[in-house]
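Listed below are the residues making up each chain.
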Amino acid sequence: MKSAVEKLNPTQVKIVVDVPFAEFKPFLDQTYKSLANQIQVPGFRRGKIPARLIEQRVGFDFVVENALNEGMNTFFQQALMENGITPLTQPQVEVVAKPEEGDREADTKVEIDVTVRPEIELPDYKGLKVEVEAREASAEDEQKALDELRGRFGTLKTVDRPAAEGDFVTLDLQALIDGEEVDAANDLSYQVGAGTMLEGMDEAITGLSAGEDATFETKLAGGEHSGQDATVKVKVSAVKERELPEADDEFAQLASEFDTIEELKEDLKKQASEAAVVEQGVEARDKVLEKLLELVEIPVPEAVIEEQIAQHFDNPQAEADHDTQEHRDEVRKNAESAFRNEIVLDAVAEQEEIGVEQSELIDYIVNMSQQYGMDPNQFAQLLDSSGQAGLMVGEVRRRKALAKVLEYAEVTDSEGNPVDLSEFVRPQGAETAGEPAPEETTAAPAPGTEEEGSPESPESPESPESPESADSPDSAK
């Protein structure tokens, strides 16, 4: 078998595969054998039917087509290996020549159009200059951290007054569409002003005392009727305010490993300073990547983007009313951006000879599972069952590549001071600048808990999506 590659454009190649009849014949013989076990001819045992009788039943062209379908993947994979090509989408196959009735031992010729990764010329990424906002932990930041810690150990006390922002209320909800109840929930706990339930909820319950109710118009936020206009009736059965413990030595011993409140405050001050560095690091990381992308032209294959859009909207969990042109434009923009990021960071990783350790993969799985609110083992199984386990290696490698670019960068703040991000760019095996700590996520609460609730169940998080490389061509056409 011989193969040749013709570059059609930066992201598209045509592979011309010439298969001598001698290499195609084993697949032809196997097809005859398979059909002999499927066809019944009086006077012949199953599997012992001569080839000429098979052809009388199905035709020689049918036999050749089936043999091509059987052998095509073998020919395709061999051509990919010979030419060092990794396809990004399902290839388009055209059979140019094949054995026919008039020439049963003719060679086979196939042309395969394949979408491939573009080759780029990596610019000089060392010493990129970026500016970030000047940040410094203030006394207010330290006090806020202390108050948040006190809030974790606070107690709820029932009060006899109208609900105000920050209070916790126990309430019953009833959602109606055209006067018909579509959902209801009782004894939900919600913090006024959190904005985590239905639009208009905070305004409706602010000022209500226990035993009072209100009605408001809104769009339902999830479930079967997600996005539909509804009338929601809400009744408050209790109003509670949070009492915070005194910030003293006893609280420090309860809430931390420290013996005194002064030691705890000093630690919170340190954490606030570290948080300011992280904020600068995240801003610098994003700006470094943006500047790097400005220095290189990266062609984006339309086939890859269209496949990503199709995967997004074909998801069974996706709400039908979310399929709008505005949403499609947003998905397209994100897909194109992600593709460019992947190409340039893969090039950096190659240039820097960056590898991935087993411990880094474990850290990645743990961090990502937290974002999806899943057990790490379950998340790992999900990646494996969806065929994406191998993709996480590339993702971790790209994050390390971005951290390396940031390590080389010259970062100053808006006041002209150099910014030391050595604590943000961690050594190999630790969390890197390209791998920030995941945002906190909250699982759907049970009725009666001190968390948010909703008359419509929230949509489950989608499993992570990544473009899948095409492993085999479409059936011969």
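With an unreviewed UniProt entry as reference, the protein chain is termed Trigger factor, source organism Kocuria dechangensis. In its Sequence similarities (unreviewed entry) section, UniProt records this for the protein chain: "Belongs to the FKBP-type PPIase family. Tig subfamily." In its Function (unreviewed entry) section, the UniProt record describing the protein chain reads: "Involved in protein export. Acts as a chaperone by maintaining the newly synthesized protein in an open conformation. Functions as a peptidyl-prolyl cis-trans isomerase."

Enquirer: Explain the overall build of the protein chain to me, and be specific about the residues and the numbers.
Expert: A count of helical and extended segments in the protein chain gives twelve helices and eleven strands. Within the protein chain, contacts between residues separated by at least 24 positions form 70% of all contacts whose residues are at least 6 apart in sequence. With the model as given, the accessible surface of the protein chain reaches about 26900 Å², and the carbon-plus-sulfur share is 44%.

Enquirer: Let's hear about the UniProt feature "coiled-coil region" (unreviewed entry) in the protein chain: which residues, and what values?
Expert: UniProt marks residues 251–281 with the feature "coiled-coil region" (unreviewed entry), using the numbering shown here. The span residues 251–281 is 84% helical and 0% strand by assignment, and the distance between its end C-alpha atoms comes to 33 Å.

Enquirer: Tell me about the pairing of strand β7 (residues 168–177), residues and numbers included.
Expert: Counting buried positions over the ten residues of β7 gives eight, a clear majority of the element. Sheet analysis places β7 next to strand β8 (residues 180–191), joined by nine bridges and oriented antiparallel. Across the sheet, the residue bridging to Thr170 is Ser189, located in β8. Taking the residues that link successive antiparallel strands as the turn, the β7-β8 hairpin has two residues, and the phi of Asp178 there is positive, at about 55°. Both β7 and strand β10 (residues 229–243) contribute to a ladder of nine bridges, which runs antiparallel. Following the sheet pairing, Asp172 is matched in β10 by Lys235.

Enquirer: So what about the packing of aromatic side chains? Which residues, and what values?
Expert: Two measures describe an aromatic ring pair: the distance that separates the ring centres and the angle between the ring planes. Evaluation of the coordinates by the stated rule reveals four aromatic pairs. With a centroid separation of 5.4 Å and an interplanar angle of 80°, the aromatic rings of Phe27 and Phe75 are classed as edge-to-face. Taken together, the positions of Phe27 in helix α1 (residues 21–36) and Phe75 in helix α3 (residues 60–83) put the pair 48 residues apart, joining distant regions of the chain. The interplanar angle of 25° and the centroid separation of 5.7 Å between the aromatic rings of Tyr372 and Phe379 together place this pair among those described as stacked. Directly above the ring of Phe60 sits Arg104, whose terminal nitrogen or CZ lies 4.2 Å from the centroid.

Enquirer: Residues and numbers for the pattern of salt bridges, please.
Expert: Within the structure shown, the criterion is met by 25 salt bridges. Of the charged contacts, one joins Lys98 and Glu65 as a salt bridge, the two residues approaching to 2.5 Å between their closest N and O atoms. With Lys98 in the loop between β3 (92–97) and β4 (108–115) and Glu65 in helix α3, this residue pair connects regions lying 33 residues apart in the sequence. By relative accessible area, Glu65 is classed as partly exposed at 24%. Among the ionic pairs, Lys404 bridges to Glu407, the shortest N-O distance being 3.4 Å. Residue Lys404 and its partner Glu407 are both found in helix α12 (residues 391–408); the two are separated by three residues, about one turn of the helix.

Enquirer: Please provide a residue-by-residue account of the nonpolar core, values included.
Expert: Formed by 33 residues in total, the largest nonpolar core has its most connected members in Ile15, Val17, Phe24, Leu28, Ile54, Ile112 and Val114. For this core, the elements supplying multiple residues, two or more each, are β2 (12–19), α1, α2 (51–58), α3, β3 and β4. The biggest single contributor to this core is α3, with ten residues. Look past the residues within four positions of Ile112 in its chain and what remains in contact with it is Val13, Lys14, Ile15, Val17, Phe76, Pro91, Gln92 and Val93. Residues Leu289, Val344, Ala349 and Ala401 belong to the second largest nonpolar core, which totals 30 residues.

Enquirer: Outline the packing of helix α7 (residues 261–294) against helix α9 (residues 325–352), listing residues and values.
Expert: Packed helices, taken two at a time, are described by the angle between their axes plus the distance between the axes. One can describe the packing of α7 onto α9 by two numbers: an axis separation of 11 Å at closest approach and a directional angle of 90°. When the axis of α7 is compared with that of α9, the two are roughly perpendicular. Taken together, the residues of α9 that come into contact with α7 (itself represented by Leu289, Leu292 and Leu293) are Arg340, Asn341, Val344, Leu345 and Val348. Of the residues that constitute the contact of α7 with α9, the class distribution is six nonpolar, one polar and one charged.

Enquirer: Which residues make up the sheet that holds β4, and what are the values?
Expert: With antiparallel pairing, the four strands of this open sheet are ordered in space as β1-β2-β4-β3. Both outer strands of the open sheet, β1 (2–9) and β3, are each paired with one neighbouring strand and no more. Across the sheet, the mean angle separating the axes of adjacent strands is 20° when strand polarity is ignored.

Enquirer: An account of the pairing of strand β11 (residues 410–413) is needed here, citing residue identities and associated values.
Expert: Regular strands have side chains that alternate between both faces of the sheet. Burial of the side chains of β11 is restricted to one face: Val411 and Asp413 are buried, whereas none of Glu410 and Thr412 on the reverse face is. Sheet topology note: the strand β5 (residues 129–132)/β11 ladder contains four bridges and is parallel. The residue of β11 that forms the bridge with Val132 is Asp413.

Enquirer: For the environment of Lys98, give the residues involved together with the corresponding values.
Expert: Separated by ten residues in sequence, Lys98 and Thr108 have C-alpha atoms that sit 4.3 Å apart. With residues up to four places along the chain from it excluded, the contact list for Lys98 reads Val64, Glu65, Leu68, Ala106, Asp107 and Thr108. Side chain to side chain, Lys98 and Glu65 meet in a polar contact 2.5 Å long.

Enquirer: Go over the packing of α7 against α12, please, and point to the residues and values.
Expert: Orientation of α7 relative to α12, taken along the N-to-C sense of each, is 95°, at an axis distance of 10 Å. Classified by the interaxial angle, the pair formed by α7 and α12 is roughly perpendicular. Taken together, the residues of α12 that come into contact with α7 (itself represented by Gly281, Ala284, Arg285, Val288, Leu289 and Leu292) are Leu402, Val405 and Leu406. For the contact of α7 with α12, the residue count by class is seven nonpolar, one polar and one charged.

Enquirer: Requested: an account of helix α10 (residues 358–371), with residues and values cited.
Expert: With 14 residues, α10 should reach 20 Å at 1.5 Å per residue; the first-to-last C-alpha distance of 20 Å fits that figure. By the burial criterion, the buried members of α10 are Glu360, Leu361, Tyr364, Ile365, Asn367, Met368 and Ser369. Contact partners of the buried residues in α10: α11 (376–385) and α12. Gly373 sits one or two residues past α10 and shows a positive phi near 65°.

About the cut-offs
Residues numbered from 1 in each chain as written. Predicted model: local features only at pLDDT ≥ 70, side-chain atom pairs only at ≥ 80, totals over all residues. Heavy atoms only, no water. UniProt positions renumbered as here; feature names shortened; annotations may be inferred. Helix = DSSP H or I, 4+ residues; strand = E, 2+ residues; numbered from the N terminus. Contact = heavy atoms within 4.5 Å. Areas by Shrake-Rupley, 256 points an atom, 1.4 Å probe, with all protein chains shown as cover. Buried < 20%, exposed > 50% of the residue type's maximum accessible area, 1.4 Å probe, protein only. Pairing = 2+ DSSP bridges. Phe/Tyr/Trp six-rings, centres within 6.5 Å; stacked < 30°, edge-to-face > 60°. Lys NZ or Arg CZ within 6 Å of the ring centre and 35° of its normal. Salt bridge = Lys/Arg side-chain N within 4 Å of Asp/Glu carboxyl O. Core = buried A, V, L, I, M, F, W, Y, C linked by side-chain atoms within 4.5 Å. Axes fitted to C-alpha atoms, helices over the stretch in contact; angles between N-to-C directions. Parallel < 35°, antiparallel > 145°, perpendicular 65-115°, else oblique. Nonpolar A, V, L, I, M, F, W, Y, C, P; charged D, E, K, R; others polar. Polar contact = N/O pair within 3.5 Å; in protein donor to acceptor, adjacent residues only side chain to side chain. Expected span 1.5 Å × (residues − 1).

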